[in-house]
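Okay, here's what each chain looks like letter by letter:
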Amino acid sequence: MSLQSALNALNQKRYQEAAELLEQFCRDCAEHNSSDYLSAQMWLMKAYQATGETEKAKALCQKLIMSENPQVRSWAEQASQSLRQTPSNVSQKAGRAATTGMKLAMGGVGGSLALASGVTMTLLFGMVLALGLSLVFILGSDNPLQGLAIAIGITLVFNIAAFFISPFIMDLTQGWLYQTRWVELAEVETLSPETAKVIRQVCEQKKLKTPRLGIINDQNPTAFTYGSLPNSARLVVSQGLFTYLDDDEIATVYAHELGHIVHWDFAVMTVASTLVQICYLVYSTARRFGRGGGDSKVKDAMQTAALVAYVFYVIGTYLVLYLSRTREYFADHFAAESTGNPNGLSRALVKIAYGILEEGSRTQEPSRLIEGTRALGIYDHKAAASTGTAYRIASDTQKIGRVFLWDMFNPWGWWMELNSTHPLTGKRVRALSNYAEQLGLPTEFDMGRVIGEGKTLNKSRLYGNFFLDVVLYGAETIGFLVGLVIGVILLSNSPNTGLVLGAPLIGLGIGILIKALVMFPDYKQAPETDILTLMSDPYASPLRGQPAKLEGQLIGRGDAGYKFGSDLKIQDRSGMLYLHYASRFGPIGNFLFGMKRVQSLIGEQVGAVGWFRRGVAPWMDLIQLQSENGTIVNSYHRFWSFILGGGSIILGVVLTMFLSRS
């Protein structure tokens, strides 16, 4: 594709076509400092502005302002003046409160921060104490206790030392991995005047020192905080935050991170994590002594203690995750109160998702920054695809709001959130909308209408499918156990000992096949659709595959940091989606496909047929990739399920028949 054809389309006012041609040229261009690439970026900004995609134009303009080329930088600075007068592709921004600092009721959102912290710490301390006491009273020998006491002591000393040293280690790793640049507040003020005002205001009110401020030269928008004590905290953001967000939105993100500092979040999370580590240490120690020789009573007691310790470890892990999600809600609440702009933070969360999606579409490899700071960042990038996709093409906020239906009403959303450090985006936006209503403001996203639509969803379908899916997740185990029970029952009425071995294998095979048929249904009549439509489906499931066909371009690999990854990313006009490939030869085949084929496929216009699934991150299990010349890739997700299921049934039948003759 020549750059001249894109310029011709632009001059002839075929702006949509020009934008598509220029996007493709920029993706294909390897030299990002070349004059052709920079010219394409400048023309692309004009095309975006002409098609009304103002947010894209603004984001690209901010990127060009940071260019090393002085002429491009000067042109972008002048262009930014006109962009400020251009309305967004989304409807008019919802307003903000005239004053800041107004107290806002959380209405049960996130619970009580003090209660969550207190209960979590108390339970974790109680678990550790109960484990210690059980070992003290059960064991007759002092040596294991002494060893355990030393181990716990070392763990405590190590974690206390790490608590105070880790910020400096983080500084070193940040500089090495991401080239973090430490700046003064004055520089932040030139990038976002309101942010500097918020930082000064919060630090003065809370009697805090100004955090050490860092900027990472990466266009993926993110922000995070770390440290040991509030007065020695670090607050780091990426350059992408200034590219994709407006001034007031950037200020709300900084306020969110300041909320973490004010609430001592990093200190509380460090202590909680230490207690969970001790539970695991007790479990591993007790299990080791329980396997040794010696007094059988002591051995049995240690095995019991190991089991209890492991249960406490699992419970503790989920308590820490719950505490992390609660602290995100309270940081959002702090930002809403301190800025009087909950709508600004709602927009910021959605734009961050959009920015992550956009940057992901421009590179063939996932961002090391976004992957490496997932737990620390303000936004879980795994959840960015659905929200970012909606924002990309939204002409009104209802298109964005519909993708939140899954977050708030699908039982899988609640289930997936249990294993996440961040609340789902829809729930955070709903809470922020509640704060806006308390301030007497119109809400950025009409969550009332979204909730109203959610109440009309078929609850029996939502929960019926969920509970059936949970059962199907364990179909192999259930089939094996049912087969075993049947085999034992039949054995009591028959001398055929093969039933005890054969029936469980037959049940296992049937379970595998049933699960495969539900996960991978018939795809021959897969409907043509787009990514946004798939992501707006509130009934979507991570197990129950939805056959679909997409038309789009392969834009890169989907495996984070893996040069030979076999997964791909496809982009259509409405968004981006990960394609999960499976070779019939298993992991070795996946590796060879990633090494030999994937790179040559990137940039191809294809039709992708597969099974769509929705979790925190949506994806499609690939069946085929098709081009104008026919099928170019086949993927075999069902292959091993049918082989293992059928093989298990055949083996079970053979064992039953063979042993019956013996």
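Please read these numbers as outputs of a predicted model, since none were measured by experiment.

The rules behind the values
- All chains use their own residue numbering, which begins from 1 and follows the written sequence.
- Confidence filtering applies because this is a predicted model: local features only for residues at pLDDT of at least 70, side-chain atom pairs given and counted only at 80 or more, and all residues used for totals across whole chains, interfaces and linings.
- As a rule here, side-chain values cover all heavy atoms of the structure and leave hydrogens and water aside.
- We count a stretch as a helix when DSSP gives it H or I for four or more residues in a row; a strand needs E for two or more, and each element gets its number in order from the N terminus.
- Any two residues whose heavy atoms approach within 4.5 Å at even a single point are treated as in contact.
- Per-residue accessibility takes into account occlusion by the displayed protein chains alone, with areas from the Shrake-Rupley method and a 1.4 Å probe.
- We call a set of buried residues a nonpolar core when its members are Ala, Val, Leu, Ile, Met, Phe, Trp, Tyr or Cys and they connect through side-chain atoms within 4.5 Å of each other.
- Relative accessibility thresholds used throughout: buried, under 20% of the residue-type maximum; exposed, over 50%; partly exposed, between the two (1.4 Å probe, protein chains only).
- Each patch groups residues whose relative accessible area exceeds 30% and which form no salt bridge, using 9 Å between like charges and 5 Å between nonpolar side chains of Val, Leu, Ile, Met, Phe, Trp and Tyr.
- A carboxyl oxygen of Asp or Glu within 4 Å of a side-chain nitrogen of Lys or Arg is what we treat as a salt bridge.
- DSSP bridges decide pairing: two strands pair if at least two such bridges lie between them.
- Axis definition: a line fitted to C-alpha atoms, over the contacting stretch in the case of helices. Angles run 0 to 180 degrees between N-to-C directions.
- Per-residue confidence from the prediction method is given by pLDDT, with values spanning 0 to 100.
- One less than the residue count of a helix, multiplied by 1.5 Å, gives the span that helix is expected to have.
- Reported orientations rely on four angle classes, namely roughly parallel under 35 degrees, roughly antiparallel over 145, roughly perpendicular from 65 to 115, and oblique for the rest.
- Each helix crossing is assigned a hand: it is left-handed if the near helix lies turned anticlockwise from the far helix by less than a right angle, otherwise right-handed if that turn is clockwise.
- Asp, Glu, Lys and Arg are counted as charged, while Ala, Val, Leu, Ile, Met, Phe, Trp, Tyr, Cys and Pro are counted as nonpolar; the rest, among them Gly, fall into the polar class.
- N or O atoms within 3.5 Å of each other form a polar contact, as long as, within protein, one can give a hydrogen and the other can take it, and as long as residues adjacent in sequence are counted only when both atoms are side-chain atoms.

Colleague: Could you give an account of the overall build of the protein chain, naming the residues involved and the relevant values?
Modeller: Helices and strands together make up the secondary structure of the protein chain, namely 28 helices and 10 strands. A fraction of 72% describes how many contacts in the protein chain between residues 6 or more apart in sequence connect residues 24 or more apart. Summed over its atoms, the accessible surface of the protein chain is roughly 29,700 Å², and 60% of this surface lies on carbon and sulfur atoms.

Colleague: Tell me what's going on with the nonpolar core, and back it up with residues and numbers.
Modeller: In this structure, Leu241, Tyr254 and Tyr379 are the most contacted members of the largest nonpolar core, which totals 53 residues. Apart from the residues lying within four places of it in its own chain, the contact partners of Leu241 are Pro221, Thr222, Ala223, Ile250, Val253, Tyr254 and Ile352. Grouped together as the second largest cluster of nonpolar side chains are 27 residues, Leu10, Ala18, Tyr48 and Ile65 included.

Colleague: Outline a nonpolar patch on the surface, supporting the account with residue identities and numerical values.
Modeller: Taken together, the side chains of Phe164, Ile165, Ile169, Leu229 and Trp264 define a hydrophobic patch exposed on the protein surface, amounting to about 470 Å² of accessible area. Within the secondary structure layout, Phe164 lies in helix α7 (residues 142-178).

Colleague: Quick one: what's the story with the sheet that holds strand β3 (residues 223-226), residue by residue and with numbers?
Modeller: In space, the four strands of this open sheet follow the order β1-β2-β4-β3, with mixed pairing throughout. In this open sheet, the two strands that pair with only one neighbour each are β1 (181-183) and β3. Neighbouring strand axes in the sheet, compared pairwise and without regard to direction, differ in orientation by 30 degrees on average. Alignment of β3 against strand β4 (residues 234-238), held across four bridges, turns out to be antiparallel. Counted as the bridge partner of Tyr226 is Arg234 from β4. In the packing of helix α11 (residues 247-262) onto the sheet, the strands contacted are β2 (212-216), β3 and β4, and the crossing angle to β3 comes to about 20 degrees.

Colleague: Quick one: what's the story with the confidence of the model for the protein chain, residue by residue and with numbers?
Modeller: Across the protein chain, the average pLDDT comes to 79, with 78% of residues at or above 70. Per-residue pLDDT, averaged within each element of the protein chain, yields its smallest value for helix α6 (residues 113-138) (61) and its largest for strand β8 (residues 605-613) (93).

Colleague: A description of helix α3 (residues 35-50) should follow, citing residues and the corresponding values.
Modeller: In this model, α3 (16 residues) spans 23 Å end to end at C-alpha, consistent with the 22 Å of a helix rising 1.5 Å per residue. Within α3 the residues assigned to the buried category are Tyr37, Leu38, Ala40, Gln41, Met42, Leu44, Met45, Ala47 and Tyr48. Looking one or two residues past α3, Gly52 carries a phi angle of roughly 85 degrees, positive in sign.

Colleague: Residues and numbers for the packing of helix α9 (residues 193-205) against α11, please.
Modeller: For any two helices packed against each other, the geometry is given by the interaxial angle and the distance between the axes. In contact at an axis separation of 7 Å, α9 and α11 are set at 25 degrees when each is read in the N-to-C sense. Comparing their axes, α11 and α9 come out roughly parallel. Crossing angle aside, the handedness with which α9 passes α11 is right-handed. Across the interface between the two elements, Pro193, Glu194, Thr195, Val198, Ile199 and Val202 of α9 pack against Asp247, Asp248, Ile250, Ala251, Tyr254, Ala255, Leu258 and Val262 of α11.

Colleague: Tell me about the pattern of salt bridges, and name the residues and values.
Modeller: Within the structure shown, the criterion is met by 15 salt bridges. Across the salt bridge formed by Arg181 and Glu187, the nearest N and O atoms sit 2.6 Å from each other. Take Arg181: its relative accessible area is 38%, and that puts it in the partly exposed class. When its relative accessible area of 29% is taken as the criterion, Glu187 is described as partly exposed. A cluster of three or more residues bridged by salt bridges with shared partners is formed by Asp246, Asp248, Glu249, Arg347, Lys351 and Glu444.

Colleague: Describe the packing of helix α22 (residues 459-473) against helix α23 (residues 475-493), with residues and values.
Modeller: Running from N to C, α22 and α23 point in directions that differ by 65 degrees, and their axes come no closer than 5 Å. Residue-level inspection shows Val471, Leu472 and Tyr473 of α22 in contact with α23, the latter providing Ala475, Glu476 and Ile478. In terms of residue class, the contact of α22 with α23 is made up of five nonpolar, no polar and one charged.

Colleague: Quick one: what's the story with unusual backbone geometry, residue by residue and with numbers?
Modeller: One non-glycine residue with positive phi stands out, namely Lys207, at about 55 degrees. Of note, Lys207 is situated in the loop between α9 and β2. Backbone geometry places Trp264, a non-glycine residue, at a positive phi of 60 degrees. Mapping Trp264 onto the fold places it in the loop between α11 and α12 (265-291).

Colleague: How would you sum up the side chain of Asp567? Please name residues and give values.
Modeller: Mapped onto the elements of the fold, Asp567 is located in the loop between β5 (546-557) and β6 (568-572). Of the polar contacts made by the side chain of Asp567, one reaches the side chain of His580; its length is 3.0 Å. A polar atom in the side chain of Asp567 sits 3.1 Å from the backbone nitrogen of Tyr581.

Colleague: Talk me through the pairing of strand β10 (residues 630-634); I want residue IDs and the actual numbers.
Modeller: The pairing of strand β9 (residues 619-627) with β10 spans four bridges and is antiparallel. Each bridged residue has a counterpart across the sheet, and for Ser627 the counterpart in β10 is Gly630.

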